[in-house]
Amino acid sequence: QAVVAGVFLRTAAEWDDWRVIPQHFHDAGETVIVEGRYIGTYRATGRQIYAQFVHVFTFRSGVVVRFQQYTDTAQFRDAVTSLSRVRMAS
């Protein structure tokens, strides 16, 4: 619930057409690895992403006890950075 509330719901509030698309699941015992894509448009800038992700979930007794995310953070940075800030940095 903490991951859903703290990560996914918060992100969805800032993005239009926000989608988390899992594509492959890998069972590694207590660890489940999910490959997929984040897709959406950042409301404040109108900039889109199509970023790969890997989620690593660790389970104990059927409950998620650890979550780690890997994604293309440069796409997120570029999407949330206003065009005027990008021009100033160039």
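What comes next concerns the included structure. Worth saying up front: this structure is predicted, and the values here are computed from it rather than measured.

Analysis parameters
- Residues numbered from 1 in each chain as written.
- Predicted model: local features only at pLDDT ≥ 70, side-chain atom pairs only at ≥ 80, totals over all residues.
- Heavy atoms only, no water.
- Helix = DSSP H or I, 4+ residues; strand = E, 2+ residues; numbered from the N terminus.
- Rg over C-alpha atoms; globule rule 2.2 N^0.38 Å.
- Contact = heavy atoms within 4.5 Å.
- Areas by Shrake-Rupley, 256 points an atom, 1.4 Å probe, with all protein chains shown as cover.
- Lys, Arg positive; Asp, Glu negative; His and termini not counted.
- Charge placed at Lys NZ, Arg CZ, Asp CG, Glu CD.
- Expected span 1.5 Å × (residues − 1).
- Bend = angle between axes of the 7 residues up to and from the residue.
- Salt bridge = Lys/Arg side-chain N within 4 Å of Asp/Glu carboxyl O.
- Buried < 20%, exposed > 50% of the residue type's maximum accessible area, 1.4 Å probe, protein only.
- 1 Å grid on protein atoms, 1.4 Å probe; cavity = no way out; pocket = protein on both sides within 12 Å on 5 of 7 lines; lining within 4 Å.
- Points joined across faces, edges and corners; volume = space filled by probe spheres on them.
- Nonpolar A, V, L, I, M, F, W, Y, C, P; charged D, E, K, R; others polar.

Re the overall build of the chain
- A tally of regular secondary structure across the chain gives three helices and four strands.
- For the chain, whose C-alpha radius of gyration is 15 Å, the value lies well above the compact-globule estimate of 12 Å for 90 residues.
- The principal-axis extents of the C-alpha atoms in the chain amount to approximately 50 × 20 × 20 Å.
- If you take every contact in the chain between residues at least 6 apart in sequence, the share linking residues at least 24 apart comes to 41%.
- Of the accessible surface of the chain, which amounts to about 6300 Å², a share of 52% is contributed by carbon and sulfur atoms.
- Here the chain holds 10 positive side-chain charges and 8 negative ones, and the gap between their average locations is 8 Å.

Considerations on helix H1 (residues 2–14)
- An ideal rise of 1.5 Å per residue puts 18 Å on 13 residues; H1 measures up with 18 Å between its terminal C-alpha atoms.
- At Phe8, H1 shows its largest kink, close to 25°.

Details of the pattern of salt bridges
- All chains considered together, the criterion is met by three salt bridges.
- Here Arg43 ties to Asp16 by a salt bridge, and the two come within 2.6 Å at their closest N and O atoms. One end of the pair, Arg43, is in the loop between strand S2 (31–42) and strand S3 (47–60); the other, Asp16, is in strand S1 (residues 15–28), and 27 residues separate them in sequence.
- Classification of Arg43 by relative accessible area gives partly exposed; the value is 44%.
- In this structure, the salt-bridge partner of Arg77 is Asp78, at a minimum N-O distance of 2.9 Å.
- Look at Asp78 and you get partly exposed, because its relative accessible area is 36%.

Focus: the layout of surface pockets
- In this structure, the largest pocket spans a volume of roughly 160 Å³.
- Along the walls of the largest pocket sit Val7, Phe8, Thr11, Trp15, Trp18, Tyr38, Gln69, Thr71, Thr73 and Phe76, which together make up its complete lining.
- Elements with a minimum of two residues in the lining of the largest pocket: H1, S1, strand S4 (63–71) and helix H2 (73–80).
- If one sorts the elements of the lining of the largest pocket by residue count, H1 sits on top with three residues.
- Looking at the lining of the largest pocket, its residues break down into six nonpolar, four polar and no charged.

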